[in-house]
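The chain contents come next:
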Amino acid sequence: MIGVLVAHALAALIAPWLVGRIGLKAFPVLALVPAGAVVWAAANTSDVTAGRASESVHQWVPSLGMELAFRLDPLSLLMTFVAAGVGSLVLAYCGRYFAADEQGLGRFAAVLVAFAGAMIGLVLSDDLLLLYVFWELTTVLSFLLVGHNADRQGARRAAMDALIVTTFGGLAMLVGAVIVGEAAGTYRISEIVANPPGGTTVSIGVALLLVGALSKSALVPFHFWLPGAMAAPTPVSAYLHAAAMVKAGVFLVARLAPAFADLDVWRWSILVLGLTTLLLGALRALRQHDLKLLLAYGTVSQLGLLTVLVGQGSRDVLLAGLGLLLAHALYKSALFLTVGIIDHDTGTRDLRVLSGLGRTRRRLAVIAGLAAASMAGIPLFAGFAAKETAFDALLHGDTVDVLTLVVVLVGVALTAAYAWRFWWGAFATKDDVPDRRCTAPRTSFELAPALLAGGGLVLGVGFSAVDALLSRHADLIPSDEKPLHLAGWHGVGPALGLSVLALALGAVVVLVQRRLAGRPVPAEAPRRLVDARVAYVLLVRGTERLSVAAARATQSGSLPVYLMTILAVFGAAMTTALITGLPWNVELRTWDEPAQGAVGLLVVAGTILTLRARRRLKAVVLSGVVGYGVATLFALQGAPDLALTQFLVETVTLVVVVLVLRRLPSHFTGTVSSKRRRRVHILIGVAAGALMTMLTLVAAGAREAAPVSELFASASKLAGGNNIVNVTLVDLRAWDTMGEIAVLVVAATGVTSLLFLRRRSRAMPRLSDPAADSPVWATDPATSGSGPGADGRTGSAGRATQGGSAPVPGLLTVVQHAAGGSGTAKSAERWLVAENTLAPERRSILLEVVVRLIFHTVLVLSVYLLWAGHDLPGGGFAGGIVAGLAFTIRYLAGGRYELGEAAPVGAGLVIGLGLVIAVGTGLAGAILGDAVLQGGAWKPDIPLLGTLKLYSSTLFDIGVYLVVVGVVLDVLRSFGSEIDRQIDEERHGRTPTVERAPGSTR
Amino acid sequence: MSTLAVTEAPHIDWAGISSLIALFGGAVVVLLVGLLRARFARLTLVPVLTIVAFAASIGLAIWQWDEDTSLMSGALGLDPLAMIGVVGIGVAGIAAVLLSIGATAPREAAHGEYHAMMLVAAAGGAMFVGAENLITTFIGLELLSIPLYVLAATELHRRRSLESGLKYLIVGSVGSATLLYGFALIFGATGSLDYAAIADQVAAKGLGDDPLMLGGVAMVVVGLAFKSSVAPFHQWTPDVYEGAPTPVTAFMATATKVAALIAFLRLFDGALIGASDAWGPALAALASIAIIVGNVGALGQSSMKRLLAFSSIAQAGYMLVGVVVATKLGVQATVFYVLTYVVMTAAAFAVIEAAERESGHDGISALAGLGRRRPLHAIALTLSMLGLAGVPATVGFVAKLRIVQAAVDGDYSWLAIVLVVGSMISFVYYLRVVARLWTDEPAGVAVAPQSQAVEVEAPEAVATTTAVADPKGLPAAAVPGGGAVVVTGATILPMTVLAVVAGAAIVVLGVIPGPLMTVVEDVARAVPELFR
């Protein structure tokens, strides 16, 4: 069986080449492939009829339960005949239908052959998942086929609609397949049908499978895609929309009916939707003027009937349904192909324009007549035999069946009416319409429809020939009564009477319609309340509009909004968690000593004031108060080491933030304007804060183990130090510290690389720079007020400017007065660098001198902290920050050149050195001891100073120290010096910061 | 010298962390090579070395495949789940490096730094997927995130890029902080940092309804949802995806997803499995919100990157389903999905980057008629879109099927139905892109006569091409119909290579998923808690 599929795949692969090579002649050649499948099926017919279904199973994805399981049983044989037989005829027909210079014909041929293969695979597969795979393949391939005339907007949209609707169904089917498969414990269809699972879940699964089947077979409410898809080339419509693809749904229903037909969800949805479709489609078909659309609605109608018949759930009705399936494939594809010929030869499909074709194209009229007769259900034709069997079977059923019969009868009558309308519309000679010109007939073009229509007659007469085969499938549903058989003629009985009645009714409809047609058409047809297509379009458009609206509402791009959403959801989650976790074990203790309460109040006050602050600087300083308050709490709690670290970190952060603030507006901008939103913000903020407070209390109350800090205390004793923070950092959890300093370095690198718009190597401001002659932090006369004021201040500040207050770039030079030296930076005294670099109005000699005096002391202190850190408050981190602060005050007092001269090494070098030392210590531990970061100690006695305790961890700490110093330097360089430089350049219009491409404006 | 063995340092299995070492070492080497003055070193050697480092980490991970232990006293797991994560991140990294060749971002951020940051982020990801200890998890996460904040902002002269970096930083920090707080609470409730010990404690003490534990779990869910951009914590995603340079977006979309989802699996299906009654419904709700929000949101997008951002939100929702069900099948399904997601997304971004270089923007209109101009790209993008939609014969179908099976098998049928409803919606926008590829005429000068076409002969010769791309300092997308830049001679070849390879993988794995599936089956070994 796989061979058949592989043959199709190969044919599809070579098709483009073949078409490119021999043009349209390729189509008949390609038609041989599905024809071969027909031959193969025919060869197997006797076996299958005898009840020997053949299987072929190959492993594919065992873990998914997916197998390449194929099974040739009566139903799949029937469908193979339909799919492959019609497929080969349609392919042959294509060779005449298309013009040789048609665009993209190679691709079209390939896709059509592939489609035939996928269709055959679909009907042969015995694995639900495999079936789904082929199912979706036919969907995608049909998309390509319908959209073949891709230049037409309509074709594209139709293809898209068809694709969306059928994929929608397909996906539902996938879930259904998985649910049913999981419940049954197997995905093999034959096993599921033999042993159907039950239960509510399975009902849901089956319902989902039905959604797939019904959408593919264009039943209400999915029916609108099929007429839309008529934008496809006619051979495609004949194959996909009459014979093959739309039958896939019917096939699936027929396949599963023996197992699930007695489920309520199955029975009622099939009956109601199928019968509605039958009537709706037929009525619509009667109103069409486009022959192809007429057939399309007719197909919709017939698919409804087919679904009802094969899904109704009794043996005889199923048999009738299978018979009708075969008959329908024959007559409907024949009719479509006829329309294709008419369209091709006359250039129109409008039955109001066509006239006289019956005379000029007698042979074609006969072919169409045969097919239409079969569709109408005229005796001796296949359609008649199948429908009569259905009447007979339904007559013997219960009340529901009889009601069904009435509706079916009406449907069949309408079918007969539109069959006549089709034939009459296409071929009749109309009195008031001029004859339509038509090209000469070509026998080869008419061969395919002739074969199909003739097949309908042959089948009608000899229906009993296929009875054995079809009964074999229908017999899967047990039946108590004497089984019916398919036959060309059942003899005279109630069923025949019903058939005649249906034809008579059809004739009445035709007459009534002709009478109505005489009347003037109302100017505007009343709008139907429920139109599935309109509903679909509204649904799609509505979803899209919703999407845009939702995106606009939620994706405003505003960070506060994002954060608010996050906090709200987070708050909801936390509240749920806390409530679920009731009761809490909360223990409240006010304070150990009153001072803590006072500090706590300070912290709270600071927080509230911070929130109310309008100026950024004020807010920063106030938040600094909060930080110091917390550090004080640490100190009061008896953790001087923690407190020290916290104080230092707080200070550095404060300085850095203030440096950054220079680049931001002085006040908070964009504050919430509307009161309501402000209230929402406050509400969410307070709620989040309250939640966190609760959580903290709960967390504190939940302690049941001994505090881990005691463990740390004893562990740090073991490591030979009293400073728990430090010992933890450099010894107990040195690995983590290693990671953290790496992160710190990466962060610093990242921040600076964002800030430095030029290469870093040049970024260190030194006195030797040519730019060093321009004053740092100079107040810009152009920006600092009106003319006279600026002039006055220039004088009083003791600064002389050349060129006045006009912002002339590059002319601003500084002449130092009494306090300064010779006026150029290069010759400045090294002791007070600011002397010749800082703008005079910014200088404070006192500060500079004091800073210069204490600088080394602070550095020594930092080294002491580093050294003493193992036992006393301090450590590499604290020491590093202190050293960093020393540089910070140098910078603050003297500007960027002061900093450059104070630390004439690159920050990167310091950081790198630190990392190397830290890593080196670790590696040394690995080499000397047994593992990375293995500790060791060395305690030499040094005269005067006493015993110096040197641990290997101290070495590691030095690394940390250097990294921290480096990072602080880096931050000062970037947020301090670099921003200074950028500001100065912008103010005084030096070389542009960014080298811009020529021609671009700033 | 007197030595004193103070604490017993953990034993270190060097072979076990070799793939991490490859990434870290690669970062250092690349950083140093990037300092060389020669153009060859910066433009050629650096990317090549980066790819070598990624490839080495993949190779070493495969070498260590059969291991099943933990390293450094349980800090880092060495098991197939970790290794497959490393492989996934490595593949994502190689893809991102290929996309970066000739791009603006590495030129502006300096090649060495750019690639080193990518390697460091990947190393963070590798730690993250292997972490079996709360601290390691957090460090891995930060190491993964921080370079990405920077990378997102590397196109310094484009405001969108800077903005996206800032947004990512702020929102990401909130996420990290939440996660850390959650970890602290979990540690408080269980008294342990190791996953295995946490699982023991949860099971032994019945911590399923302990307020501390639940609070911690809620915070961890929020924190990880940030990282994997699961709605409603997704809002940063479209802005950041759109603003960041495309290669970086590609890396973020793929590598972060791998890392975050595997971390989800390890943490929830491993350490917190005992509290699954508490987090199961919550995660299921998040997953369905993500599926709906992502898919509906993507409908209205006209920028490919934004579209993919929304789609990635939905995809994260799908993948989360495998975590929610907390079964062996679920773990396998999620891992399989995330791997295939890397491949499919890489293909898409390759084409988008190429189209962006040729047209100057990433709107869907830039793809119009690509089928005629660059058939290979169009085929690859078609396959990627179909794969993401889950059409059979692509690997996306197998992945989705696996997830659906896991959901049905784990008694979450309703979630499977939500997933499928989401997929249905997704068909509309994925196929719209496909239709655009194959049908429309190329939107050339004739279509948009008002577009300011600027010819840039050789991008290298001009210091900053972005300044040209945005003459008004506005994002190109904001200028209606204008701002199109035709960059002749833009480097396209690496994109083509990536697109072809990824596209082929989508089909081949779609037809023959067996081998990868077998490989993925191994990963369930890593969450022994599931089998208790």
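Quick caveat: nothing in here was measured; it's all calculated off a predicted structure. (Residues numbered from 1 in each chain as written. Chains lettered and ligands numbered in written order. Predicted model: local features only at pLDDT ≥ 70, side-chain atom pairs only at ≥ 80, totals over all residues. Heavy atoms only, no water.)

Here we come to the side chain of A:Arg315. All names here are of chain A. Secondary-structure assignment places Arg 315 in helix α14 (residues 315–346). A distance of 2.8 Å separates the side chain of Arg 315 from the side chain of Asp 316, its partner in a polar contact. A polar side-chain atom of Arg 315 sits 2.7 Å from a polar atom in the side chain of Asp 475. (Helix = DSSP H or I, 4+ residues; strand = E, 2+ residues; numbered from the N terminus. Polar contact = N/O pair within 3.5 Å; in protein donor to acceptor, adjacent residues only side chain to side chain.)

All right, on to the confidence of the model for chain B then. Residues and elements named next belong to chain B. Counting all residues, the mean pLDDT for chain B is 82, and 87% of those residues have values of 70 or more. Within chain B, helix α3 (residues 80–100) carries the highest mean pLDDT (93), whereas helix α19 (residues 465–469) carries the lowest (37). Confidence over residues 1–7 falls short of pLDDT 50; this stretch has 17 contacts with residues more than four positions distant or in other chains. In the predicted structure, residues 442–487 sits below a pLDDT of 50 and forms 73 contacts with residues beyond four places in sequence or in another chain. (pLDDT = per-residue confidence, 0-100. Contact = heavy atoms within 4.5 Å.)

All names here are of chain A. Inspection of every chain in the model, using the stated rule, returns 27 salt bridges over all chains. The salt bridge partner of Asp 290 is Arg 349, with a shortest N-O separation of 3.1 Å. Here Arg 349 lies in the loop between α14 and α15 (357–360) and Asp 290 lies in the loop between α12 (264–286) and α13 (291–311), a separation of 59 residues in the sequence. Asp 343 serves as the salt-bridge partner of Arg 349, at 3.4 Å between the closest nitrogen and oxygen. Look at Arg 349 and you get partly exposed, because its relative accessible area is 22%. A network of salt bridges, in which partner residues are shared, links Glu 55, Glu 67, Arg 71, Asp 73, Asp 126, Arg 188 and Arg 255. (Salt bridge = Lys/Arg side-chain N within 4 Å of Asp/Glu carboxyl O. Buried < 20%, exposed > 50% of the residue type's maximum accessible area, 1.4 Å probe, protein only.)

Bringing the packing of aromatic side chains into the picture now. Tallying each qualifying case throughout the model produces 21 aromatic pairs over all chains. With a centroid separation of 4.9 Å and 20° between ring planes, the pair formed by B:Tyr168 and B:Trp236 is classed as stacked. Of this pair, B:Tyr168 sits in helix α7 (residues 159–190) while B:Trp236 sits in helix α10 (residues 236–243), and the two are 68 residues apart along the sequence. For the pair B:Tyr168 and B:Trp236, a shared accessibility class is recorded, and that class is buried. By way of ring pairs, the aromatic residues A:Phe27, A:Tyr93, A:Tyr97, A:Phe98, A:Phe108 and A:Phe445 are connected into one cluster. Over the aromatic face of A:Trp424 sits the side chain of A:Lys430, whose NZ or CZ is 5.0 Å from the ring centroid. Residue placement shows A:Arg514 over the ring face of A:Trp424; its charged tip is 5.2 Å from the ring centre. (Phe/Tyr/Trp six-rings, centres within 6.5 Å; stacked < 30°, edge-to-face > 60°. Lys NZ or Arg CZ within 6 Å of the ring centre and 35° of its normal.)

Turning to the nonpolar core, a few remarks are in order. A:Trp225 and B:Phe268 are the most contacted members of the largest nonpolar core, which has 421 residues in total. Counting residues per element, this core draws most heavily on helix α14 (residues 328–359) of chain B, which supplies 20 residues. If near-sequence neighbours (up to four positions away) are discounted, B:Phe268 is found in contact with B:Val217, B:Val220, B:Val221, B:Leu224, B:Ile273, B:Trp279, B:Leu283 and B:Val323. Formed by 50 residues, the second largest nonpolar core is a distinct cluster that contains A:Val776, A:Leu838, A:Val910 and A:Val967. (Core = buried A, V, L, I, M, F, W, Y, C linked by side-chain atoms within 4.5 Å.)

What follows deals with the pairing of strand β2 (residues 66–72) of chain A. Within β2(A), five of the seven residues are buried, leaving the element largely enclosed by the surrounding structure. Hairpin connection of strand β1 (residues 54–61) of chain A to β2(A): four residues between the antiparallel strands, including A:Gly65 at a positive phi of 75°. (Pairing = 2+ DSSP bridges.)

This part covers the confidence of the model for chain A. All names here are of chain A. When pLDDT is averaged across chain A, the result is 80; 84% of the residues are at 70 or more. Predicted confidence is poor over residues 521–529, with pLDDT under 50, and the contacts of this stretch with residues over four places away or in other chains come to two contacts. Here residues 991–1002 is a poorly scored stretch, pLDDT under 50, and it has 18 contacts once near neighbours within four places are set aside; other chains count.

Residues and elements named next belong to chain A. The interhelical angle for the contact between helix α26 (residues 640–661) and helix α34 (residues 876–902), taken along N-to-C directions, is 35°, at an axis separation of 10 Å. At the point where α26 passes α34, the crossing takes the left-handed sense. Along the contact surface, α26 presents Leu 644, Thr 645, Leu 648, Val 649, Thr 651, Val 652, Val 655 and Leu 659, while α34 presents Phe 877, Ala 878, Ile 881, Val 882, Leu 885, Thr 888 and Tyr 891. Of the residues in the contact of α26 with α34, the class split is twelve nonpolar, three polar and no charged. (Axes fitted to C-alpha atoms, helices over the stretch in contact; angles between N-to-C directions. Left-handed = near helix turned anticlockwise from the far one by under 90°. Nonpolar A, V, L, I, M, F, W, Y, C, P; charged D, E, K, R; others polar.)

All names here are of chain A. Counted at 1.5 Å a residue, the expected span for helix α25 (residues 616–636) with its 21 residues is 30 Å, and the 30 Å between its end C-alpha atoms agrees. Those residues of α25 lying buried are Arg 616, Ala 619, Val 620, Leu 622, Gly 624, Val 626, Gly 627, Gly 629 and Ala 631. Buried residues along α25 sit in contact with α24 (594–612) and α26. Backbone geometry just after α25 places Gly 638 at a positive phi near 95°. (Expected span 1.5 Å × (residues − 1).)

Let us now look at the environment of A:Gln59. Residues and elements named next belong to chain A. Inspection of the secondary structure assignment puts Gln 59 in strand β1. By relative accessible area, Gln 59 is classed as exposed at 53%. A C-alpha to C-alpha distance of 8.1 Å links Gln 59 and Ala 69, two positions ten residues apart in sequence.

A surface patch of nonpolar side chains, amounting to about 540 Å² of accessible area, comprises A:Val6, A:Leu10, A:Leu13, A:Ile14 and A:Trp17. Relative to the helices and strands, A:Leu13 resides in helix α1 (residues 2–22). (Patch = residues over 30% accessible without salt bridge, like charges linked within 9 Å, V, L, I, M, F, W, Y side chains within 5 Å. Areas by Shrake-Rupley, 256 points an atom, 1.4 Å probe, with all protein chains shown as cover.)

Residues and elements named next belong to chain A. Along the chain, Gly 869 turns up in the loop between α33 (845–868) and α34. When the C-alpha positions of Gly 869 and Val 725 are compared, they lie 9.1 Å apart, and in sequence the two are 144 residues distant. Among all residues touching Gly 869, those that are not within four sequence positions of it are Asn 723, Asn 726, Tyr 864, Gly 874 and Gly 875.

Residue and element names in this part refer to chain B. Considering the arrangement of structural elements, one finds Gly 130 in helix α5 (residues 111–130). Each C-alpha atom of the pair Gly 130 and Ile 84 lies 9.8 Å from the other, and the pair is 46 residues apart in sequence. Once residues within four sequence positions are removed from consideration, Gly 130 is found in contact with Ala 75, Leu 76, Gly 77, Ala 82 and Arg 266.

Glancing now at a positive patch on the surface. All names here are of chain A. A contiguous patch of positive charge on the surface is contributed by Arg 612, Arg 614, Arg 615, Lys 618 and Arg 678. Note on placement: Arg 614 falls in the loop between α24 and α25. Looking at Arg 614, the relative accessible area reads 51%, which means it is exposed. (Lys, Arg positive; Asp, Glu negative; His and termini not counted. Charge placed at Lys NZ, Arg CZ, Asp CG, Glu CD.)

Bringing unusual backbone geometry into the picture now. The omega torsion of the bond from A:Val220 to A:Pro221 falls at 5°, within 30 degrees of zero and hence cis. If you trace the backbone, A:Pro221 turns up in the loop between α8 (200–216) and α9 (225–228). With a phi close to 55°, B:Ala326 is a non-glycine residue in the positive phi region. Residue classification places B:Ala326 among the buried residues on the basis of a relative accessible area of 18%.

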